[in-house]
Amino acid sequence: MTKNVSMSKYVKLATLRGVDDFLAAVQQLNLHIPCDQQVLSGNTSPLAQPITVDGLTIGNRFAVQPMEGWDGTPDGKPSELTFRRWRRFGSSGAKLVWGGEAVAVQHDGRANPNQLVLNEDTRDDLARLRDALVEEHRKATGSTDGLVVGLQLTHSGRYSRPKDKPEPRILYRHPILDRRLGLPDDYPVLTDGEIRQIIDSFIRAANLAWQIGFQFVDIKHCHGYLGHEFLSAYTREGDYGGSFENRTRFLREVVQGIRAEADGLRIGVRLSAFDMIPFRPDPETSRPGKPGRGVPEPYEGLLPYRWGFGVNPYHPTEPDLTEPAAFLALLRDMGIRLVNLTAGSPYYNPHIQRPALYPPSDGYQPPEDPLVGVARQMGAVRTLKEQLPELAFVGTAYTYLQEFIPHVAQAAVREGWTDFVGLGRMMLAYPELPRDVLDGRPLQTARLCRTFSDCTTAPRNGLPSGCYPLDEFYKRSPMAEQLRRVKQSPPR
Ligand SMILES: Cc1cc2nc3c(=O)[nH]c(=O)nc-3n(C[C@H](O)[C@H](O)[C@H](O)COP(=O)(O)O)c2cc1C
Ligand code: SF4
């Protein structure tokens, strides 16, 4: 965690005395976040209500978000650390496991040399991983009824780093991100032919996922990776860029292929429902080892902004949900029912993607109270759910709510803002939270994720992810000492 006095003006949820204080803070920030005074437990809780989606009955309204660990083997198989994380996901009591973590459909599409890959060589290992999660769920809750487990399939596109150096696979030239990645003017974009090979890999991997027992696959369209980049390929020529029809062709061809090969496998999509122009630490206030507050990259000369999906082209620091709504309508028309909405990208606007009080080592100080980021994501899910009532939505960015997760989650489901409450970082820090809420036990406040961002700082510095501050396993591991040294060493 990197401290800076500028954070002191933001509400520290851990210091609030109760729900009334929280509601006052929300009001003072002029935000709209639903929140119940009393948290219910057992069958009376809105969070305990089963829901049937696409023929699958899902036993409650908690979802485990995909959380990768940068801890697979060089050939893309899970390690003991991966098994441990998935077992903990299973023990959470959440009945929807959205993807486990990002799994690459081919080696050159890995986001790091330790990302999992699904192919003929790894399929048995991934089958064991799923089985371990299911078994742990059974042990923790007494039954696997209503448990639905999917696998997130990805190609990392612009953020591919299959070996120790970045090997970006881009769909179009981006005026800001290309510069940040140091791409020369003649850097190649993926050809339509290469895209068709990647589509084949998605279909092959989905078929394997089906054979080894996953109930759905997520065709990942978020966070700046390849699927997401298609949606903003306004400036690309050829079959996969330009018009809305062309920018969604990748999705349609993947879905068509999966339906032909793995009939019965459900399909879901995790979508960055809106994006924003990339942010950077304010050069005026940054000091060595102390990144300044986040500010948008200068965009004079780039208007209308044509390099982001769900971005207002004339005000690229504002969302525009027109095309995301059209994309969700397309999913509905293709018979897809499971969607998981997230936002932005961890690489270029992390405060949009996962609101946090403390930035990771390569980040910037939060430019807004992180509660604003939570409200922005919750509001987008609410708006899109109103327009697309046939879809079942998983909402994101709840971890920052800490003590107030149960109150807000219950109200959000009860008032129809979302169907599922997705939890990401909290599943690393305190995976039993859903079970504690549903069973009516008080929260174990010492285990609540306080958004210290070590789970991101560690992998940014070549270490596996994990909750180093709060999970005793990581806290006491030799990796924690390495992380401490990295954080103390002068920035590169
Ligand atoms: C360490 C770490 C790993 C993540 N791995 C994935 C991933 O594999 N796939 C994905 O779609 N999102 C991933 N995310 C994003 C989370 O799923 C989630 O969207 C984000 O953390 C915000 O939710 P939260 O506030 O509950 O943490 C990751 C986030 C973190 C911090
Ligand atoms: S999960 Fe742990 S390491 Fe990650 S942000 Fe939360 S407290 Fe920090």
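Each remark here, short or long, concerns the structure printed above.
So, how was this worked out
Residues numbered from 1 in each chain as written. Chains lettered and ligands numbered in written order. Predicted model: local features only at pLDDT ≥ 70, side-chain atom pairs only at ≥ 80, totals over all residues. Near = placed C-beta within 6 Å. Nonpolar A, V, L, I, M, F, W, Y, C, P; charged D, E, K, R; others polar. Helix = DSSP H or I, 4+ residues; strand = E, 2+ residues; numbered from the N terminus. Expected span 1.5 Å × (residues − 1). Buried ≥ 20, exposed ≤ 12 C-beta atoms within 10 Å, placed from the backbone. Arc of directions from axis to C-beta. Pairing = 2+ DSSP bridges. Axes fitted to C-alpha atoms, helices over the stretch in contact; angles between N-to-C directions. Parallel < 35°, antiparallel > 145°, perpendicular 65-115°, else oblique. Left-handed = near helix turned anticlockwise from the far one by under 90°. Contact = placed C-beta atoms within 7 Å.

Q: Residues and numbers for the site of ligand 1, please.
A: The immediate surroundings of ligand 1 are formed by 24 residues, with Gln-65, Glu-68, Ala-102, Thr-399 and Gly-424 found nearest. Taken together, the residues of the shell around ligand 1 sort by class into 10 nonpolar, nine polar and five charged.

Q: Give me the lowdown on helix H3 (residues 123-141), citing residues and values where you can.
A: Residues lying three or four places apart along an α-helix face the same way, a consequence of the helix completing one turn every 3.6 residues. An ideal rise of 1.5 Å per residue puts 27 Å on 19 residues; H3 measures up with 27 Å between its terminal C-alpha atoms. Those residues of H3 that sit buried are Asp-125, Leu-126, Leu-129, Arg-130, Leu-133, Glu-136, His-137 and Thr-141. The buried residues of H3 occupy one face: seen down the axis, they fall within an arc of 145 degrees. Exposed side chains of H3 directed beyond 90 degrees from the buried face belong to Asp-124 and Lys-139.

Q: Lay out the site of ligand 2 in plain terms, naming residues and giving numbers.
A: What surrounds ligand 2 is a group of 14 residues, the closest being Cys-449, Phe-452, Asp-454, Cys-455 and Cys-467. Among the secondary structure elements, those contributing two or more residues to the shell around ligand 2 are helix H13 (426-429) and helix H15 (454-460). Along the lines of polarity and charge, the residues of the shell around ligand 2 split into nine nonpolar, two polar and three charged.

Q: Outline the pairing of strand E7 (residues 148-154), listing residues and values.
A: The buried fraction of E7 is high, at seven of seven residues. The alternating pattern of E7 places Val-148, Gly-150, Gln-152 and Thr-154 on one face and Val-149, Leu-151 and Leu-153 on the opposite face, and all of these are buried. As paired elements, strand E4 (residues 96-97) and E7 share two bridges and run parallel to each other. Directly across from Val-97, in E7, lies its bridge partner Val-149. Taken together, the three bridges between strand E5 (residues 102-104) and E7 define a ladder with parallel strand orientation. If you follow Ala-102 over to E7, its bridge partner there is Gln-152. Summarising the sheet, E7 and strand E8 (residues 216-219) pair through four bridges and their orientation is parallel. Among the inter-strand pairings, Gln-152 is bridged to a residue of E8, identified as Asp-218.

Q: Run through the pairing of strand E12 (residues 338-342), naming residues and quoting values.
A: With five of five residues buried, E12 is to be regarded as a mostly interior element. By the alternation rule, side chains of E12 split into Leu-338, Asn-340 and Thr-342 and Val-339 and Leu-341, which are all buried. As judged from the five bridges shared by strand E9 (residues 266-272) and E12, these two strands associate in the parallel manner. Opposite Leu-271, over in E12, you have Leu-341 as the bridge partner. Bridge count for E12 against strand E13 (residues 392-395) is three bridges, and the pairing is parallel. Residue pairing in the sheet places Leu-338 in a bridge with Ala-392 of E13.

Q: Quick rundown of the packing of helix H5 (residues 192-211) against helix H8 (residues 249-261)? Include the residues and the values.
A: H8 packs onto H5 with a crossing angle of 40 degrees between their chain directions and a minimal axis gap of 9 Å. Taken together, the axis directions place H5 and H8 in an arrangement best described as oblique. Remark: the crossing between H5 and H8 carries right-handed chirality. On the side of H5, the interface is formed by Ile-195, Ile-199, Phe-202, Ile-203, Ala-206 and Asn-207, while H8 contributes Phe-250, Glu-253, Val-254, Gly-257, Ile-258 and Glu-261. Split into classes, the residues belonging to the contact of H5 with H8 amount to eight nonpolar, two polar and two charged.

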